[in-house]
Amino acid sequence: MQAIEQLQALLLGNFYGSFSVASAFGLDFDGYELSTQDVRSPDEKIIESSFVNSYGPAANTTNPELIGKSAILAACLGAAISDVRLSPDASITLRFANGVKLQLPTDTTVVDWHWAITEDGQDPYSGCIIGCFAPGKIQSNPANKSFKADGFAAA
């Protein structure tokens, strides 16, 4: 199965029931988690500037860019994914039934993985269903849903 087919099988028509924002982002689906180093949406700057301007304490946060990203993720909570696209650089673009477009890029600097789908939301190097460890390079092991980077079977 090709990477786009595997991503569509896992994501298309599904929705995440919770999300996390920390040093990476996690979207929790039923039975697996999509983790990514960054999320981007054309709408995040509008949300970020509006919120920071109307809620003073937001201007003092150490990561103001997380405001827009978090709001976009909250807006998509429970919304079905209506389209999944995979770019040549292995970035993913998701479109949701509510009209939101979300990109999971692969140009994040100083990371050893960009995005991954794991069974438990843990480090993709411990094992994942499918993941991007370098731009343009996707690894997967759909047979047993668990592998280590570079294709080594998980212990």
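Keep in mind that what you see is a predicted model, and the values were worked out from it rather than measured.

> Describe the side chain of D38, with residues and values.
In this fold, D38 is placed in the loop between β3 (32-36) and α2 (44-54). Side-chain polar atoms of D38 contact the side chain of R40, separated by 3.1 Å.

> An account of the pairing of strand β6 (residues 101-104) is requested, with residue identities and associated values reported.
Here β6 shows a clear split, with L102 and L104 buried on one side and none of K101 and Q103 buried on the other. Of the strand pairs in this sheet, strand β5 (residues 92-96) and β6 are connected by 4 bridges, and their pairing is antiparallel. Looking across to β6, one finds that R95 is bridged to K101.

> Explain the sheet that holds β3 to me, using residue names and the numbers behind them.
Taking strand neighbours across the sheet as the criterion, the 6 strands line up as β1-β2-β3-β7-β8-β9 in an open arrangement whose pairing is antiparallel. If you trace the sheet from one side to the other, it starts and ends with β1 (18-21) and β9 (137-140), each paired once. Within the sheet, the average angular offset between the axes of one strand and its neighbour, ignoring direction, is 20°.

> Pulling in residues and values, what's your account of the state of the cysteines?
Inspection of every chain in the model, using the stated rule, returns 0 disulfides. C128 takes part in no disulfide bond, and the closest cysteine sulfur, belonging to C132, lies 10 Å away. A relative accessible area of 0% means that C128 is categorised as buried. The class for C132 is buried, based on a relative accessible area of 0%.

> Break down the pairing of strand β2 (residues 25-29) for me, citing the residues and quoting the values.
Most of β2 is tucked away: 4 of the 5 residues are buried. When β1 meets β2, the two strands line up antiparallel, connected through 4 bridges. From the neighbouring strand, F19 faces β2, where its bridge partner is L27. Where β1 folds back onto β2 in an antiparallel hairpin, the turn is made up of 3 residues. When β2 meets β3, the two strands line up antiparallel, connected through 5 bridges. Paired with G26 across the strands is S35, a residue of β3. Counting the residues that bridge the hairpin from β2 to β3 gives 2 residues, and of these G31 lies at a positive phi of roughly 100°.

> Would you mind going over the nonpolar core in detail, with residue names and values included?
Side chains that are nonpolar tend, in soluble globular proteins, to be buried together. The biggest cluster of nonpolar side chains holds 28 residues, and the ones touching the most others in it are L7, L11, F29, L34, L94, F96 and I117. With residues up to four places along the chain from it excluded, the contact list for L94 reads L11, L34, I81, D83, V84, V100, K101, L102 and L104. Ranked by size, the runner-up nonpolar core spans 5 residues in total, among them A24, A116, C128 and F133.

> Tell me about the side chain of Q37, and please be specific about residues and values.
Among the secondary structure elements, Q37 is positioned in the loop between β3 and α2. A residue is classified by how much of its surface remains accessible, and Q37, at 16% relative accessible area, is buried. Beyond its immediate chain neighbours, meaning those up to four positions away, Q37 contacts S23, A24, F25, T108, V111, W113 and H114.

Quick notes on the rules
- Residues numbered from 1 in each chain as written.
- Predicted model: local features only at pLDDT ≥ 70, side-chain atom pairs only at ≥ 80, totals over all residues.
- Heavy atoms only, no water.
- Helix = DSSP H or I, 4+ residues; strand = E, 2+ residues; numbered from the N terminus.
- Polar contact = N/O pair within 3.5 Å; in protein donor to acceptor, adjacent residues only side chain to side chain.
- Buried < 20%, exposed > 50% of the residue type's maximum accessible area, 1.4 Å probe, protein only.
- Pairing = 2+ DSSP bridges.
- Axes fitted to C-alpha atoms, helices over the stretch in contact; angles between N-to-C directions.
- Disulfide = S-S within 2.5 Å.
- Core = buried A, V, L, I, M, F, W, Y, C linked by side-chain atoms within 4.5 Å.
- Contact = heavy atoms within 4.5 Å.

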